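Coordinate inspection notes
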Amino acid sequence: MRRSLLFMPGNNPAMLQNSDVFDSDAVIYDLEDAVSVTEKDAARTLVSQFLSSMKHQPPMEIVVRINGLDTDYYKQDLEAVVSDKIDTIMLPKAQVCYLNQLDELLTEIETRKGMTKKINIIPIIELAVSVLQIEQIVACPRVNGVLLGAEDLTSDLEVSRTKQGNEILYPRMKLAVACSAYKIDAIDTPFTDTNDAEGLAADCNFVANLGFGVKAAIHPNQVPTINGIFVPSAKNINWALRVEEATRQAAEKGLGVFSLDGKMVDKPVMERARKILAKARKYDLI
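These lines cover the structure that appears in this document, whether it is placed above or below. The written sequence of each chain sets the order in which its residues are numbered from 1. Side-chain atom pairs in this predicted model are given and counted only at pLDDT of 80 or more, local residue features only at pLDDT of at least 70, and totals for whole chains, interfaces and linings cover all residues. As a rule here, side-chain values cover all heavy atoms of the structure and leave hydrogens and water aside.

1. Examining the overall build of the chain
Our working definition: Where helices and strands are cited, they refer to DSSP runs of H or I of at least four residues and of E of at least two residues respectively, numbered from the N terminus. Each radius of gyration reported is based on C-alpha atoms, and the globular scaling rule is 2.2 Å times the count of residues to the power 0.38. Burial classes: relative accessible area under 20% of the type maximum marks a residue as buried, over 50% as exposed, and values in between as partly exposed (1.4 Å probe, protein chains only). Throughout, a contact is declared for two residues whenever any of their heavy atoms are within 4.5 Å. For every accessible area listed, the method is Shrake-Rupley and the probe measures 1.4 Å; residues are considered covered only by the protein chains on display. His is not counted here, nor are the chain ends, while Lys and Arg score as positive and Asp and Glu score as negative. By convention, the charge on Lys lies at NZ, on Arg at CZ, on Asp at CG and on Glu at CD.
When helices and strands are counted, the chain shows twelve helices and ten strands. Taken over the C-alpha trace, the chain has a radius of gyration of 20 Å; the compact-globule value for 286 residues is 19 Å, and the two agree within 12%. With the principal axes as the frame, the chain shows a C-alpha extent of 65 × 45 × 35 Å. Within the span of the chain, comprising 286 residues, buried residues form 48% of the whole. In the chain, the share of contacts with a sequence separation of at least 24, taken over all contacts with a separation of at least 6, comes to 70%. Accessible area of the chain: about 13800 Å², with a carbon and sulfur share of 53%. Taken as two groups, the 32 positive and 39 negative side-chain charges of the chain have centres that lie 7 Å from each other.

2. Observations regarding the nonpolar core
Let me state the cut-off plainly: Side-chain atoms within 4.5 Å are what join buried Ala, Val, Leu, Ile, Met, Phe, Trp, Tyr and Cys residues into a set we call a nonpolar core.
Among the nonpolar cores identified, the biggest contains 61 residues, and Tyr-29, Ile-66, Leu-78, Val-82, Ile-89, Leu-91 and Leu-102 are the most heavily contacted of them. Ranked by the residues each element gives to this core, the list is headed by helix H4 (residues 96-113), at five residues. Discounting chain neighbours no more than four positions away, the residues touching Leu-78 are Ile-66, Ile-89, Leu-102, Leu-105, Leu-106, Ile-109 and Lys-113.

3. Here we look at helix H11 (residues 234-252)
Two residues of an α-helix separated by three or four positions point the same way, owing to the 3.6 residues in each turn. Under the convention used in this document: In this scheme, a helix's expected span is set at 1.5 Å multiplied by one less than its residue total.
With 19 residues, H11 ought to run about 27 Å at 1.5 Å a step, and its terminal C-alpha atoms sit 27 Å apart, in line with that. The set of residues buried in H11 consists of Ile-237, Ala-240, Val-243, Ala-246 and Ala-250. Lining the buried residues of H11 we find strand S9 (258-260), strand S10 (263-265) and helix H12 (267-282). Immediately beyond the C-terminal end of H11, within one or two residues, lies Gly-254, with a positive phi of roughly 80°.

4. Looking at the state of the cysteines
As a reminder of what qualifies: Whenever a pair of cysteine sulfur atoms sits within 2.5 Å, that pair is classed as a disulfide.
Following the criterion strictly, the structure yields zero disulfides and no others. Of all cysteine sulfurs, the one in Cys-140 lies closest to Cys-97, which takes part in no disulfide; the gap is 9.6 Å. A relative accessible area of 47% means that Cys-97 is categorised as partly exposed.

What is shown is where atoms sit, not what they do.
Following this line, the structure appears as structure tokens:
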């Protein structure tokens, strides 16, 4: 269960050391876009050594964004970082063929290293061809969330990236629906203006209404806003608690469907209430 994922440059020792203080649900140690070609080896070594030095599993999810499978760096990235210390690999410029290849590589490494966990994958949709493959991408092994990468996607589409985001409405909607169908996280693209808190909040509220439940951040100051929006409201929590209690009472009477406030409550409504309460309890809202 996630609300926020915070990108951190893999070549920044100070941010790596402090990555557990920012209250994000996941941190993404970035070996790709945040690291110049001349620093790839150094960043990989730094992240690997940092992971090895961790004595206890931190409270947040550990994600590593490797370099793409169309580069010369990804094999070294995987060898250096894949261990029981991480939870997830983030794959840039994802395509189905790359995801299948990554699944095979991870299986081989997990077996060879005698790992006790299976590594998840978050693919990034940042190419036009990736948008066309979204339905297949969400169904790939290990994928438990998909991130929209709007900066690279709009570059590939040769359109301007705007704060309003009209140019990415179609991929946003397609991604949200596909992830919902497969019960995995739809993760929205970062809001790139780190000084515009009002704009960030508006962007979060907009995509939440499209079906996104998670948003990536590129600066720690964005995390509190994201975390505050991608949780159930007090109104929804109160409604879900009432549905939960009414469901319990109906079950005692042998009823599978009942009425609450003049509206029918059936299995889909009960499931929505259950999800709201699960998230509220996860984040200590009730």
